[in-house]
Amino acid sequence: MQILVIFIKDGLNQNNLHNSILGIGSQQLLFLARKRMSQLSFDFDEQQESNTPGNSGVGECINAILSADIEPPNIIVPNFLVSGEATMLAALAGAAKTFISQYISACVATGSSCFGIPILKPHPVLYVDSELSRYQIQQRFKLIYDFIGRKPRTDFLKIIHKRSFSSGIPDLTNPEGFEKLLPEIKKADVVILDNLSSLYRTAEELAQNDWNFYNDCLDEMRELGKAVLVLHHTDKDSRNYRGHSEIARAIDNVLISVKDKKESCGMKTVINLRKPKSRHGASGEGLMTIEFGSSEKHKFHFSKL
């Protein structure tokens, strides 16, 4: 009965109701039902609030906002990870976006300094890696943790990879795919999605409406207080992220990673990072330069130049 109320509330007539239910998967139906019931409850609470004395509607008086004791967001890694916010790290293939995010995740999970910036305490991290094999993940993190000098506590860095599900990582374009990851997401303070194209793989990058549910996912994680890092690709000139502007609607900060081909050589890679979008003020073109790799004189390392 609740599901019927949901669809009628959302404007489906009785003739289309049966076809709409048949055309949607059971998991997706349940997801939409729960989400709509939550919204109906929220609408009811809003209506009740608007009927209280001294409140003329659902809008909140700015004086109430100014006087409220609002807890500021936790800045875990400046420019990269802030609780309740989503950041995009975009780069061409081979510009180290995965290596950088793996290093950040390892530092956050152990409470180790990241690019010379202290991290006050360890945070549980969920890393969703849709491309690397389990062996490749192992080899990358061996290098990183040998450099850091310590490993995280049990379950402080959890990896969802291609073999985590018998049928492969679910397509997050669909509600049922996101639902499969949600229990692990709720346990983490930090969520890293690597990468957008392979996780939301049936969404067309230039189709605006294909990214509505993706933005809903980001909004839900932000509302849960998660610090979210989304990995994506840039356009061919590395000037901006690839695809429709809707891809960054729920993104608070955009970082662009560009490989310095002149300075990178042999086992050493040099990356220039810039920040073209920030909700916190003016965006700076140059953010930092990062070097990682090894040489005859130095073991594997990550450093900010």
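Look a little higher up for the structure.
Summarised in this report is the structure supplied together with it. Everything numeric here is computed off the predicted structure, so don't read it as measured data. (Residues numbered from 1 in each chain as written. Predicted model: local features only at pLDDT ≥ 70, side-chain atom pairs only at ≥ 80, totals over all residues. Heavy atoms only, no water.)

Time to look at the sheet that holds strand S9 (residues 268–278). Within a sheet, neighbouring strands are paired by backbone hydrogen bonds and run either parallel or antiparallel to one another. Strand order in the open sheet formed by nine strands is S5-S4-S6-S7-S3-S8-S9-S10-S11, with mixed pairing between adjacent strands. For this open sheet the edge positions go to strand S5 (157–160) and strand S11 (301–304), each flanked by a neighbour on one side alone. The mean angle between the axes of side-by-side strands here comes to 20°, regardless of whether they run parallel or antiparallel. Judged from the four bridges that link them, strand S10 (residues 288–293) and S11 form a sheet pairing that is antiparallel. In the sheet register, Glu-291 faces S11, and the bridge partner there is Ser-303. (Pairing = 2+ DSSP bridges. Helix = DSSP H or I, 4+ residues; strand = E, 2+ residues; numbered from the N terminus. Axes fitted to C-alpha atoms, helices over the stretch in contact; angles between N-to-C directions.)

All right, on to the pattern of salt bridges then. Going through the model one piece at a time under the given rule, you end up with eight salt bridges. Between Glu-184 and Lys-158 there is a salt bridge whose closest N-O contact spans 3.2 Å. Residue Glu-184 is located in helix H7 (residues 175–187), and its partner Lys-158 is located in strand S5; the two are separated by 26 residues in the primary sequence. As a salt-bridge pair, Arg-242 and Glu-205 come within 2.8 Å of each other at their nearest N and O atoms. Within this pair, whereas Arg-242 is found in the loop between strand S7 (227–232) and strand S8 (253–259), its partner Glu-205 is found in the loop between helix H8 (196–199) and helix H9 (212–223), the two being separated by 37 residues in sequence. Taking the relative accessible area as the measure of exposure, Glu-205 reaches 17% and is therefore buried. When salt bridges with common partners are traced through the structure, they connect Asp-219, Arg-222, Asp-252 and Arg-279 into a single cluster. (Salt bridge = Lys/Arg side-chain N within 4 Å of Asp/Glu carboxyl O. Buried < 20%, exposed > 50% of the residue type's maximum accessible area, 1.4 Å probe, protein only.)

Before going further, it helps to examine the packing of H7 against H9. Helix packing for two helices is described by the angle between their axes and how far apart those axes are. Following both chains from N to C, one finds H7 and H9 inclined at 15°, their axes separated by 12 Å at the closest point. In terms of orientation, H7 and H9 fall into the roughly parallel class. Our pair here, H7 against H9, has a crossing hand that is right-handed. Across the interface between the two elements, Pro-175, Phe-178, Leu-182 and Ile-185 from H7 touch Phe-213, Cys-217, Glu-220 and Met-221 from H9. Here the contact of H7 with H9 is composed, by residue class, of seven nonpolar, no polar and one charged. (Parallel < 35°, antiparallel > 145°, perpendicular 65-115°, else oblique. Left-handed = near helix turned anticlockwise from the far one by under 90°. Contact = heavy atoms within 4.5 Å. Nonpolar A, V, L, I, M, F, W, Y, C, P; charged D, E, K, R; others polar.)

Right, let's talk about H9 for a bit. Given 3.6 residues per helical turn, the α-helix brings residues three or four places apart onto the same face. Here H9 is 12 residues long and its end C-alpha atoms lie 16 Å apart, about the 16 Å a rise of 1.5 Å per residue gives. The complete set of buried residues in H9 reads Phe-213, Tyr-214, Asn-215, Cys-217, Leu-218 and Met-221. Where H9 ends, the next residue or the one after it, Gly-225, has phi of about 85°, a positive value. (Expected span 1.5 Å × (residues − 1).)

Within strand S4 (residues 125–129), five of the five residues are buried, leaving the element largely enclosed by the surrounding structure. Residues Val-125, Tyr-127 and Asp-129 line one face of S4 and the alternating positions Leu-126 and Val-128 line the opposite face, and both faces are buried. Both S4 and S5 contribute to a ladder of four bridges, which runs parallel. Note on S5: the bridge partner recorded for Val-125 is Leu-157. The parallel pair S4 and S5, bridged by helix H6 (residues 134–148), forms a crossover whose chirality is right-handed. Sheet topology note: the S4/strand S6 (residues 190–194) ladder contains five bridges and is parallel. Note that in S6 the partner of Leu-126 across the bridge is Val-191. (Right-handed = clockwise from strand over helix to strand, strands pointing away.)

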